[in-house]
Amino acid sequence: VKPGRDERFERLFRENYAAVRAYALRRPPGDVAQDLVADTFLVAWRRIDDVPGDALPWLYGIARRVLANERRSAGRRAALEQRLATAGAAAGSGDAGESLGDAELVRTALAGLSDRHREALMLVAWQGLSRARAARAAGCSAATFAVRLHRARARLAAELASLEPPPGNRVETRSLEAN
Amino acid sequence: MRPDRNLMERVAAADPLPDAERLTPEEEREAEALLARLLATPPEPPEPSGAATRRAPHPRLRRWTLAGVGAAGVAAVAFTAINLGDSESPRTDVVDQAVAARTVAALTHEDSVYHVLQPKRGTGNIPARPSGPFVVESWHSSAGRFHEKVFEVRGGRRGRLVEEVAGLRRPDSRVGPALRYDALENRLHGGGIGRTAEADELPLIDPTGNPGTTLRELEARGALRAAGATRVGGRRAYRLVSDPIDAEFGEQRFEYVVDSETYLPLRQRWSLRRGEEEFGFVSEFLVYERLPLDAHSRAQLDLDRHPGATCAVGAGEVRGKRDLGFANPCPASGREGAARWP
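Residues numbered from 1 in each chain as written. Chains lettered and ligands numbered in written order. Predicted model: local features only at pLDDT ≥ 70, side-chain atom pairs only at ≥ 80, totals over all residues. Heavy atoms only, no water.

## Quick look at the overall build of chain B
Across its full length, chain B carries eight helices and 15 strands. Looking at chain B residue by residue over its 342 residues, the buried ones come to 51%. At a minimum sequence separation of 6, the contacts of chain B that also span at least 24 residues come to 52%. On chain B, roughly 16700 Å² of surface is accessible, and the fraction owed to carbon and sulfur atoms is 50%. (Helix = DSSP H or I, 4+ residues; strand = E, 2+ residues; numbered from the N terminus. Buried < 20%, exposed > 50% of the residue type's maximum accessible area, 1.4 Å probe, protein only. Contact = heavy atoms within 4.5 Å. Areas by Shrake-Rupley, 256 points an atom, 1.4 Å probe, with all protein chains shown as cover.)

Here you go:
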């Protein structure tokens, strides 16, 4: 055992546990969040010598891959698809633009994106990473990430546009409901 | 009107858990517990490239197994010995003890419910019961609560429910009350499960008990030993075998194959030989997971509700919540009647 290993890991853990946990909680399925955190730090514990100075993006990258593995299993995939299908059904049912708050609408639109695009947006907007750090977490170059984020924003805008009914329709719907 | 805000600001505002990075005292305690478990985990050498993306058969369980390793207090020196044993070299007592102790520790946590899914089929020349194959899904706790559902296998898939049993196998006496649901009759029957001291006609160690209890008993008898490394589905695994257990009923043998990382069972084999006769069962565990003990997992230990089920004579006399672990839906008078679910 390399001297100082325990101390290095303990410092890494204490500095990043809350952030990794938050990362896990924000990504479905929520019931595996604690397992995801444990698995992520288990990898870090075993690979403590590989952990870079700026550890958080590296830890997010590990968590992302662990989560991807989880989702590959049939059960997890089914749970995710069910969740997305439910979100899609809610968005597609009648006056979605009126029934959903803006936050719900955005989350529904996010659910309609590809994993890569959704992850790019979440790393920046929810995890609060700079684009350079988010690129490291996503396991790609800064240039690639910039393109990915740009496309993700475009797709999200398109999703939102499809979910938000034109203002005129909303008025008409209200009128019909009133009658 | 929809707020006309920057798109990224809208995404940020849609964060479902904006305070997720703030830990409550309880969450801080969870963090400390996890840290302690990780620090107690032997620092294995890094796995081959792509380790982080390779799926373990039971990823959910690894976290809990860490706790098991910590609870067992197994020293790093023992782990080193296990690694030496992987190379199929002659094993030492240290290796045997470590593998057996880790397995028992991983399977007997008191603050957990174990969920198991296993196809099971009878072996030998005198099947004592329908030899299947069946699929058995079960939940059990170290305190003795258990709930088992037996399904037919049809077309290679889980078919209809055949039978369901739930009750309490008292750890100290290895017997206890149980309620059995016959799915074909839609009827509940009372009874007991386990082996009493006088029951010489039954195997000395109950082969239908959960692997944790069985292995702990074998270990306590000094009859459990590691029998080398093997591979199951590409995973490193250890074989644990029992010495022959002599009983009035015959000679029993147990064999378990456990994952080398989680120490959770992958395969189980039990056989009983008496003269020329031999029977037993073999099963592969599709799922063997450890769930934290909470309201949800505890509820899995109860017998399922079966609308319209009737109770056979005596079913209600299997005592209530204190003994079964859940409320008995049958009339307390012990008479035949309709089940009433709470």
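## So, the overall build of chain A
Helix and strand content of chain A: ten helices and zero strands. Listing every helix and strand of chain A by position from the N terminus yields α-α-α-α-α-α-α-α-α-α. Residues counted as buried form 50% of the 179 residues belonging to chain A.

## Quick look at the environment of W270(B)
All names here are of chain B. Following the sequence through the fold, W270 ends up in strand 11 (residues 265-274). Its relative accessible area of 4% is what places W270 among the buried residues. When the C-alpha positions of W270 and E255 are compared, they lie 6.4 Å apart, and in sequence the two are 15 residues distant. Engagement of the side chain of W270 in a polar contact is seen with the side chain of Q252, the distance being 2.8 Å. (Polar contact = N/O pair within 3.5 Å; in protein donor to acceptor, adjacent residues only side chain to side chain.)

## Notes on the state of the cysteines
All names here are of chain B. In this structure the tally under the stated criterion is one disulfide over all chains. A sulfur-sulfur separation of 2.1 Å characterises the disulfide bridge that pairs C311 with C330. Taking the sign of the S-S torsion, -85 degrees for the link of C311 and C330, the bridge is left-handed. Linking C311 in strand 14 (residues 310-311) with C330 in the loop between helix 8 (320-324) and strand 15 (337-338), this pair joins segments that are 19 residues apart in sequence. (Disulfide = S-S within 2.5 Å.)

## Side note on unusual backbone geometry
Residues and elements named next belong to chain B. Its identity as a non-glycine residue notwithstanding, N186 has a phi of 55 degrees, on the positive side. Along the polypeptide, N186 turns up in the loop between strand 5 (175-182) and strand 6 (187-194). Unlike most non-glycine residues, Y263 shows phi in positive territory, near 65 degrees.

## Structural notes on the packing of helix 1 (residues 5-25) of chain A against helix 2 (residues 25-39) of chain B
As a packed pair, helix 1 of chain A and helix 2 of chain B sit with axes 11 Å apart at the nearest point and diverge in direction by 145 degrees. The chirality of how helix 1 of chain A crosses helix 2 of chain B is right-handed. Residues D6(A), F9(A), E10(A), F13(A), R14(A), Y17(A) and R21(A) of helix 1 of chain A touch helix 2 of chain B, and the partners they reach there are E27(B), A31(B), E32(B), L34(B), L35(B), L38(B) and L39(B). Its residues assigned to classes, the contact of helix 1 of chain A with helix 2 of chain B comprises eight nonpolar, no polar and six charged. (Axes fitted to C-alpha atoms, helices over the stretch in contact; angles between N-to-C directions. Left-handed = near helix turned anticlockwise from the far one by under 90°. Nonpolar A, V, L, I, M, F, W, Y, C, P; charged D, E, K, R; others polar.)

## With respect to the confidence of the model for chain A
Residue and element names in this part refer to chain A. On average, residues of chain A score 75 in pLDDT, and 69% of them are at 70 or above. In the model of chain A, helix 10 (residues 167-178) stands out as the element of lowest mean pLDDT, 35, in contrast to helix 8 (residues 131-138), which has the highest, 94. Segment residues 168-179: pLDDT under 50, and six contacts once partners within four positions in sequence are set aside and those in other chains are kept. (pLDDT = per-residue confidence, 0-100.)

## A closer look at the nonpolar core
Formed by 60 residues in total, the largest nonpolar core has its most connected members in F9(A), F13(A), F41(A), F145(A) and L156(A). When near neighbours in sequence (up to four residues on either side) are disregarded, F13(A) contacts F41(A), A31(B), L34(B), L35(B) and L38(B). (Core = buried A, V, L, I, M, F, W, Y, C linked by side-chain atoms within 4.5 Å.)

## Points about the side chain of Q127(A)
Locating Q127(A) in the fold gives a position in the loop between helix 7 (115-125) and helix 8. Within the local environment of Q127(A), its side chain forms a polar contact with the side chain of R27(A), the two groups lying 3.0 Å apart.

## Quick word on helix 2 of chain B
All names here are of chain B. Taking 1.5 Å of rise per residue, the 15 residues of helix 2 would be expected to cover 21 Å, and the 21 Å separating its terminal C-alpha atoms lies within 8% of that figure. Of all the residues in helix 2, the buried ones are E27, A31, L34, L35, R37 and L38. When helix 2 is viewed along its axis, its buried side chains cluster within an angular range of 165 degrees and face the same direction. Away from its buried face by more than 90 degrees, helix 2 exposes P25 and R29. (Expected span 1.5 Å × (residues − 1). Arc of directions from axis to C-beta.)

## With respect to the pairing of strand 11 of chain B
Residues and elements named next belong to chain B. Examined bridge by bridge, strand 10 (residues 250-259) and strand 11 share eight bridges and lie antiparallel to one another. Within strand 11, the residue paired with F254 across the bridge is W270. The hairpin turn running from strand 10 into strand 11, its antiparallel successor, is five residues long, and Y263 in that turn takes a positive phi close to 65 degrees. As judged from the eight bridges shared by strand 11 and strand 12 (residues 277-284), these two strands associate in the antiparallel manner. What sits directly across from S271, in strand 12, is G280. (Pairing = 2+ DSSP bridges.)

## So, helix 6 (residues 211-220) of chain B
Residues and elements named next belong to chain B. Within the span of helix 6, buried status applies to P211, G212, T214, L215, E217 and L218. Between the side-chain oxygen of the N-cap and the backbone nitrogen of G212 there are 2.9 Å, and the N-cap of helix 6 in question is N210. Immediately downstream of helix 6, the backbone of G222 shows phi near 70 degrees, a positive value.

## Overview of the pattern of salt bridges
For the structure on display, the rule yields 23 salt bridges over all chains. For D49(A), the salt bridge identified is with R8(A), shortest N-O distance 3.1 Å. Of the two residues, D49(A) is situated in the loop between helix 2 (33-46) and helix 3 (55-72) and R8(A) in helix 1; the sequence distance between them amounts to 41 residues. The class for R8(A) is partly exposed, based on a relative accessible area of 25%. Here R27(A) ties to E119(A) by a salt bridge, and the two come within 2.9 Å at their closest N and O atoms. A residue pair is termed long-range when its members are at least 10 positions apart, and R27(A) in the loop between helix 1 and helix 2 and E119(A) in helix 7 qualify at 92 residues. Residue R27(A) shares its accessibility class with E119(A), and that shared class is buried. Through salt bridges with shared partners, one network takes in E10(A), R14(A) and E32(B). (Salt bridge = Lys/Arg side-chain N within 4 Å of Asp/Glu carboxyl O.)

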